[in-house]
Structures are given as structure tokens and as C-alpha cells.
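Letter by letter, the chains look like this.
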Amino acid sequence: MDKAKWLDEFAQGLYENGWISFDITPWLGPELLRALQQEIIVLDQSDALKIAGIGRGSALIQDRSVRRDKIAWLQGSTPSQAALFDFLDNLRTGLNQRLFLGLKRFEAHYATYHCGDFYKPHVDSFQGRASRIVSLVLYLNDDWQPTDGGALRIYSRGSESDAGGLVLPEAGRVALFMSEEIRHEVLEAHRTRYSLACWFRQDVIPLPLSALV
Ligand code: OGA
Ligand code: MN
């Protein structure tokens, strides 16, 4: 399938249901997936991932009853991250062309959930903020079994409780969803769970005032 067809399907899924899940391996390629897997394993083992918070800026708090993952922001600085950023930018422009979302940029982090970790039901963006518009999660685990827990549970659009679907965090699988509309949670993991989360945003980075004069 060519990339335009993939993008058509992603856009259709987002439009019709607010979310879609698919295996991106044929687009990314198994080598890049393997390289990203290696990166997060090294980061995890070298203790480079930090406890994630909720909220933002000065309101950022760390609440272990809500989320227990550890994260590291990607800078696009390694060859694999650069290749991934290239893919994410293709996705950004492809979705803009099809859904007129006006996505301007993205941010991405690696995340590790160790045994017993979870992320309670939440949405990724507060309504009206128009900052995070589309969320993407790419999974990086080989041979994930249903008994390993750690599935992404997606709720139906606009619902607090209707189950929309369960996504197993198997390597190459992606979940793509509307950040404000789709409530979701990460069920408790029974083994280490590696992923990469990305948010496509409508805002631009505010320039410091000094850059304007
Ligand atoms: C998040 C999130 C889902 C997942 O990081 O906000 O909901 O499946 N992640 O890792
Ligand atoms: Mn989320």
C-alpha cells in the first residue's frame, strides 16, 4: 500500500471514530523499529527516564495514583530519531491535507511502564486549549501476550465508559486518536512495556520577546 493510501485510512479513522490502530511496520521498516527499541532499552537501563507528571508548567505534579510511567523526551538527535521525526512530519502534513487540522509541530517522548505501572483514564488535552490535537502511540515490545496486561483501553468518542477498543502494545503497532475527544487508559502492565508517544499540536513555540526587536 502506498503512503497516500495509508494516510487516507488514518484520516478516515480519525474522522469517523476519533481513533484508529494499525501496524506501521511496512512503512517504518523493521530496522528502524529495532533501532528505536534498542534506544529505549538503553535509556531505561541507564536510568535516563524520569517519572512523568500531569498538567503543565508550574501546575505540573507527579501523582503516582494517576500515572506511573517514566519518560524521556526525544530531540531527533540520533539517526533513528531523525528518521522517526521524518515519518511523523509526513503524517502531520498528510493529516493536514486531509482533515485541515492545521497541525504545526509535534513533540514526542519514550515511555516505560514497569511491572505494576498504569495510567488511569484521561484525555491528552484540555478542551479549548487547542494545543495537543492528535495523539500517536507507537509500541516497541516483542511478543506481547494478552496476559501481559498493559493494553491501551480506548473509550468511544465522547464517552466516559463505553469501551471502544483494546490495543496490545506489540512492536510496530500504532494507536492514533483525537487528543481532546478520546478518553483512554493504560491497564496495569505485568512486564516491562516500551512505547513512544507523540502529540501533534496546533500552536507554535512562543518566541521570546527579545527575538521580535
Ligand atoms: C499517554 C498515554 C498510552 C499508551 O502517554 O498519555 O495515554 O498506550 N499513553 O502508552
Ligand atoms: Mn494519554
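This report concerns the structure included in the present document. The structure presented is a predicted model; accordingly, all values stated were derived computationally and were not measured.

Considering the overall build of the protein
Of regular secondary structure, the protein possesses four helices and eleven strands. For 213 residues, the compact-globule estimate of 2.2 N^0.38 gives 17 Å, and the protein sits close to it at 17 Å. When its C-alpha atoms are laid out on the principal axes, the protein stretches across 50 × 45 × 40 Å. In the protein, the share of contacts with a sequence separation of at least 24, taken over all contacts with a separation of at least 6, comes to 79%. When the accessible surface of the protein is totalled, it reaches about 10,700 Å², and 53% of it is carbon and sulfur. The distance from the centre of the 23 positive side-chain charges to the centre of the 27 negative ones in the protein is 5 Å.

Concerning the packing of aromatic side chains
With the rule as written, the count across this model stands at nine aromatic pairs. For the ring pair F10 and F22, a centre distance of 3.9 Å and an interplane angle of 15° mean the geometry is stacked. Here the residue F10 occupies a position in helix α1 (residues 3-17), and F22 occupies one in strand β1 (residues 19-23), the gap between them amounting to twelve residues. Both residues of the pair, F10 and F22, belong to the buried class. Aromatic side chains W73 and W199 sit 6.4 Å apart centroid to centroid with 50° between the ring planes, which places their arrangement in the tilted category. With W73 in strand β3 (residues 70-73) and W199 in strand β11 (residues 193-201), this residue pair connects regions lying 126 residues apart in the sequence. An aromatic cluster is defined as three or more aromatic residues linked by ring pairs; in this entry it consists of W6, F10, F22, W27 and F87. For R132, the ring lying beneath its charged end belongs to W199, and the centroid distance is 3.8 Å. Over the face of the ring belonging to Y113 we find R193, whose NZ or CZ atom lies 4.9 Å from the ring centre.

Remarks on the site of ligand 1
Neighbouring residues of ligand 1: Y119, H122, D124, V137, Y139, L152, H184, V186, R193, S195 and W199. Between ligand 1 and D124 there is a distance of 3.2 Å, counted from an oxygen atom to a side-chain nitrogen or oxygen. With respect to ligand 1, the side chain of Y139 contributes an N or O atom lying 2.5 Å from an oxygen atom. Taken by itself ligand 1 offers 290 Å² of open surface, and the protein chains cover 97% of this. Counting residues per element, the ones that place at least two in the shell around ligand 1 are β5 (119-122), β6 (132-139), β10 (184-186) and β11. With three residues, β11 is the single largest residue contributor to the shell around ligand 1. Residue composition of the shell around ligand 1, by class: six nonpolar, three polar and two charged.

Comments concerning the coordination of the manganese ion (ligand 2)
Ligation of the manganese ion (ligand 2) by protein atoms is provided by H122 (NE2), D124 (OD) and H184 (NE2), these donors lying 2.1 to 2.2 Å from the ion. In primary sequence terms, the donor set of the manganese ion (ligand 2) follows H-x1-D-x59-H. In this pair, H122 sits in strand β5 while H184 sits in strand β10, placing the two residues 62 residues apart along the sequence. Here H122 matches H184 in class, with each residue buried.

Comments concerning the sheet that holds strand β7 (residues 152-155)
Strand order in the open sheet formed by four strands is β5-β10-β7-β8, and the pairing between neighbours is antiparallel. Of all the strands in the sheet, just β5 and β8 (163-167) have a single pairing partner and so form its edges. Strand-to-strand twist across the sheet, computed as the mean angle between neighbouring axes with direction ignored, equals 10°. In terms of strand pairing, β5 meets β10 through two bridges, oriented antiparallel. Its bridge partner being in β10, Y119 is matched across the sheet by V186.

The rules behind the values
- Residues numbered from 1 in each chain as written.
- Chains lettered and ligands numbered in written order.
- Predicted model: local features only at pLDDT ≥ 70, side-chain atom pairs only at ≥ 80, totals over all residues.
- Heavy atoms only, no water.
- Helix = DSSP H or I, 4+ residues; strand = E, 2+ residues; numbered from the N terminus.
- Rg over C-alpha atoms; globule rule 2.2 N^0.38 Å.
- Contact = heavy atoms within 4.5 Å.
- Areas by Shrake-Rupley, 256 points an atom, 1.4 Å probe, with all protein chains shown as cover.
- Lys, Arg positive; Asp, Glu negative; His and termini not counted.
- Charge placed at Lys NZ, Arg CZ, Asp CG, Glu CD.
- Phe/Tyr/Trp six-rings, centres within 6.5 Å; stacked < 30°, edge-to-face > 60°.
- Buried < 20%, exposed > 50% of the residue type's maximum accessible area, 1.4 Å probe, protein only.
- Lys NZ or Arg CZ within 6 Å of the ring centre and 35° of its normal.
- Near = heavy atom within 4 Å.
- Polar contact = N/O pair within 3.5 Å; in protein donor to acceptor, adjacent residues only side chain to side chain.
- Nonpolar A, V, L, I, M, F, W, Y, C, P; charged D, E, K, R; others polar.
- Donors = N, O, S within 2.8 Å, 3.2 Å for Na, K, Ca; no water.
- Pairing = 2+ DSSP bridges.
- Axes fitted to C-alpha atoms, helices over the stretch in contact; angles between N-to-C directions.

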